[in-house]
Amino acid sequence: MDTSITTRPIIATDSVESSQVAAIGHDPQTNTLAIRFPANRKGVCSVYHYANFTAEQFEAFKAAESKGSYFGKNIKRCADQFPYENVTALYGSEAATEQPTVDAQAIE
């Protein structure tokens, strides 16, 4: 069993128009997709990382007419292909409530 700690990058995200997905981002160095989901009934947002997600797949996700449908059909149903982890704590207060996401353009 591999017990080594894997580096979990904080990935800049951009808001998207969707009722099911609040923001998305991608780290091409680790092929990690970051998704921030809208706040739940308690007002708390969550952030998940999905492994093995290529830059090409991220471009397709960004270009999808419906981010929620794309997520449901191509990511959520493919947990074997894209293992996921709740990394909300990694993002601290930004993910705790519905607040603006990190602006990827400002970082570049």
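Trainee: Explain the overall build of the chain residue by residue, including any values.
Mentor: The number of helices and strands found in the chain is 5 helices and 5 strands. For the chain, the N- to C-terminal ordering of α and β elements is β-β-β-β-α-α-β-α-α-α. When burial is assessed residue by residue, the chain has 36% of its 108 residues classed as buried. A sequence separation of at least 24 residues applies to 51% of the contacts in the chain between residues at least 6 apart. By element, 49% of the accessible surface of the chain is carried by carbon and sulfur atoms, the whole surface being about 6900 Å².

Trainee: With reference to specific residues and values, describe the side chain of His 26.
Mentor: As for its position among the elements, His 26 is in strand E2 (residues 23-27). A relative accessible area of 14% places His 26 in the buried class. Of note is the side chain of His 26, whose polar atom sits 2.5 Å from the backbone oxygen of Phe 53. Every residue in contact with His 26, bar those within four places of it in the chain, is listed here: Ile 11, Ala 12, Asn 31, Thr 32, Leu 33, Phe 53, Thr 54, Ala 55 and Phe 58.

Trainee: Residues and numbers for the sheet that holds E2, please.
Mentor: Spatially, the 5 strands line up as an open sheet ordered E1-E2-E3-E4-E5, and their pairing is antiparallel. Among the strands making up the open sheet, the edge pair consists of strand E1 (14-15) and strand E5 (84-86). As judged from the 3 bridges shared by strand E4 (residues 46-50) and E5, these two strands associate in the antiparallel manner. Opposite Tyr 50, over in E5, you have Tyr 84 as the bridge partner. Strands E2 and strand E3 (32-37) of the sheet are contacted by helix H1 (residues 55-63), whose axis makes an angle of about 165 degrees with E2.

Trainee: Can you explain the pairing of E4? Please cite residues and give values.
Mentor: With 4 of 5 residues buried, E4 is to be regarded as a mostly interior element. As paired elements, E3 and E4 share 5 bridges and run antiparallel to each other. Opposite Phe 37, over in E4, you have Ser 46 as the bridge partner.

Conventions we followed
- Residues numbered from 1 in each chain as written.
- Predicted model: local features only at pLDDT ≥ 70, side-chain atom pairs only at ≥ 80, totals over all residues.
- Heavy atoms only, no water.
- Helix = DSSP H or I, 4+ residues; strand = E, 2+ residues; numbered from the N terminus.
- Buried < 20%, exposed > 50% of the residue type's maximum accessible area, 1.4 Å probe, protein only.
- Contact = heavy atoms within 4.5 Å.
- Areas by Shrake-Rupley, 256 points an atom, 1.4 Å probe, with all protein chains shown as cover.
- Polar contact = N/O pair within 3.5 Å; in protein donor to acceptor, adjacent residues only side chain to side chain.
- Pairing = 2+ DSSP bridges.
- Axes fitted to C-alpha atoms, helices over the stretch in contact; angles between N-to-C directions.

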